Amino acid sequence: MRTEGINPYFQDTQQIITTLQHQLLPTLGDTRPGDIFFYGTGCNSPASNTIVANALKVVFPETGVIDVQSDMLGAARGAARHQPGIVCILGTGANAATYDGAWLTSPSYSLGFWLGDEGSGGNLGKRLVTAFLHNQLPNRLAQAFTTSYGLDRLMVLDHAYNKPYPNRYFAQFAPFLSAYRDEPFVQELLQKSFADFLGLYVQRLPHHLEYSIHVVGSIGHYFDREVRQAMHTLSMKPGQFLQAPMSGLMQYHAIA
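Procedures and definitions
Residues numbered from 1 in each chain as written. Predicted model: local features only at pLDDT ≥ 70, side-chain atom pairs only at ≥ 80, totals over all residues. Heavy atoms only, no water. Phe/Tyr/Trp six-rings, centres within 6.5 Å; stacked < 30°, edge-to-face > 60°. Buried < 20%, exposed > 50% of the residue type's maximum accessible area, 1.4 Å probe, protein only. Helix = DSSP H or I, 4+ residues; strand = E, 2+ residues; numbered from the N terminus. Expected span 1.5 Å × (residues − 1). Arc of directions from axis to C-beta. Pairing = 2+ DSSP bridges. Axes fitted to C-alpha atoms, helices over the stretch in contact; angles between N-to-C directions. Parallel < 35°, antiparallel > 145°, perpendicular 65-115°, else oblique. Left-handed = near helix turned anticlockwise from the far one by under 90°. Contact = heavy atoms within 4.5 Å. Polar contact = N/O pair within 3.5 Å; in protein donor to acceptor, adjacent residues only side chain to side chain. Salt bridge = Lys/Arg side-chain N within 4 Å of Asp/Glu carboxyl O. Core = buried A, V, L, I, M, F, W, Y, C linked by side-chain atoms within 4.5 Å.

A. Representation of the packing of aromatic side chains within the structure. Tallying each qualifying case throughout the model produces 13 aromatic pairs. Ring centres of Tyr 169 and Phe 173 lie 5.4 Å apart, and the angle between their planes is 90 degrees; this geometry places the pair in the edge-to-face category. Of the two residues, Tyr 169 and Phe 173, both sit in the buried class. Taken together, the ring pairs connect Phe 132, Phe 145, Tyr 149, Tyr 169, Phe 170, Phe 173, Phe 176 and Tyr 180 into an aromatic cluster.

Okay, structure coming up:
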């Protein structure tokens, strides 16, 4: 069962209640959770966590524990379970943190799409589209890209600066990189982006040469070969690569 994304930075409690009532409750039938452990984007402060928790309390008034935590902690618990490690998110956005087997022990921060997110789907797509607009793509790739998307400069600028969620817009071009991943230009783009991510986000973390480095998210999953190669170049130890952390989270809470 899935709902649209929930983010307390962009939604208030009532908006989240509406989403849960319309998109989640109908799929549950008469089933109601005993406890709720919610991990989400934007859930990284008491104020934002309270927005989500209050919505869950309204929709599920008979629930016992309602625990709201960050998606970063969810990725860590889902990938590393109860073992220490370094955990990265490589999806539409990017982030990394050190984990002690229960909690994050180093600051996890992202500068967001415009100032960072190296290695993410949004960043990969931005690099690809920028190269296309600057006529830097090899002819074969440029022709294939034009056929696939039919972009022009004004269309890209409109999505980049006038419409919401530019990171999601640019992330939609990541599948093109997957389709042409063996092209030298694409390999160079991928390696540069993942090397930038590891250099900026992971190398600053304690134990980055000792702990296994786990990766959660669609970009890490589909480009695991390139991410692993970038890790080996920097003498880092690849850990688990998961598209989503749900299975690991269920195991974590089953024995917590």
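Back to the text.
B. A look at helix H2 (residues 46-59). Across its 14 residues, H2 extends 20 Å between first and last C-alpha, which sits within 8% of the 20 Å expected from 1.5 Å per residue. Within the sequence span of H2, burial applies to Ser 48, Asn 49, Val 52, Ala 53, Ala 55, Leu 56 and Val 59. Within H2, the buried residues cover an arc of 160 degrees as seen down the axis, which keeps them to one side. Away from its buried face, by an angle of more than 90 degrees, H2 presents the exposed residues Pro 46 and Ala 47.

C. Representation of the pairing of strand E4 (residues 94-99) in the model. Among the six residues in E4, six count as buried, and that is most of the element. Looking at chain direction, strand E3 (residues 85-90) and E4 are connected through six bridges and run antiparallel. Bridging across to E4, Ile 86 finds its partner in Thr 98. Between E3 and the antiparallel strand that follows it, E4, lie three residues.

D. Region of interest: the packing of helix H5 (residues 121-133) against helix H10 (residues 184-202). Look at H5 against H10: their axes get within 10 Å of each other, and the N-to-C directions meet at 135 degrees. Compared by their axis directions, H5 and H10 come out oblique. Helix-helix and strand crossings are classified by hand; for H5 and H10 the assignment is right-handed. Contacts between H5 and H10 involve Asn 123, Leu 124, Arg 127, Leu 128 and Ala 131 on the former and, on the latter, Phe 185, Leu 189, Leu 190, Lys 192, Ser 193, Phe 194 and Asp 196.

E. Summary view of the environment of Glu 183. In this structure, Glu 183 sits in the loop between helix H9 (174-179) and H10. Distance from Glu 183 to Leu 141, taken between C-alpha atoms, is 8.7 Å for residues 42 residues apart in sequence. Discounting residues that sit within four places of it in the chain, Glu 183 has contacts with Arg 140 and Leu 141.

F. A look at the sheet that holds E3. Reading across from one edge, E4-E3-E5-E6 is the order of the four strands in this open sheet, with mixed pairing throughout. The open sheet has two edge strands with one neighbour each: E4 and strand E6 (237-242). When the angles between neighbouring strand axes are averaged without regard to direction, this sheet yields 20 degrees. Most of the contacts of helix H12 (residues 224-233) go to E6, to which it runs at about 160 degrees, and overall it touches E3, strand E5 (212-216) and E6.

G. Inspection of the environment of Tyr 201 at higher detail. With respect to the helices, strands and loops of the structure, Tyr 201 is situated in helix H10. In sequence terms Tyr 201 and Tyr 169 are 32 residues apart; their C-alpha atoms lie 23 Å from each other. Once residues lying within four places of it in the same chain are set aside, the contact partners of Tyr 201 are Ala 94, Asn 95, Ala 96, Tyr 109, Ser 110, Leu 111, Gly 116, Asp 117 and Glu 118. At 3.1 Å, the side chain of Tyr 201 forms a polar contact with the backbone nitrogen of Asp 117.

H. Seen up close, the pattern of salt bridges. A complete count under the given rule lists eight salt bridges for this structure. For Glu 226, the salt bridge is made with Arg 225, and the minimal N-O distance between the two is 3.0 Å. In this structure, a network of salt bridges that share partners links the residues Arg 181, Asp 182, Arg 225 and Glu 226.

I. Layout of the nonpolar core. Counting 43 residues, the largest nonpolar core has Phe 145, Phe 194, Phe 197 and Val 202 as the members making the most contacts within it. The residues contacting Phe 194, other than those within four sequence positions of it, are Leu 90, Gly 119, Leu 124, Ile 219, Phe 223, Glu 226, Val 227 and Ala 230.

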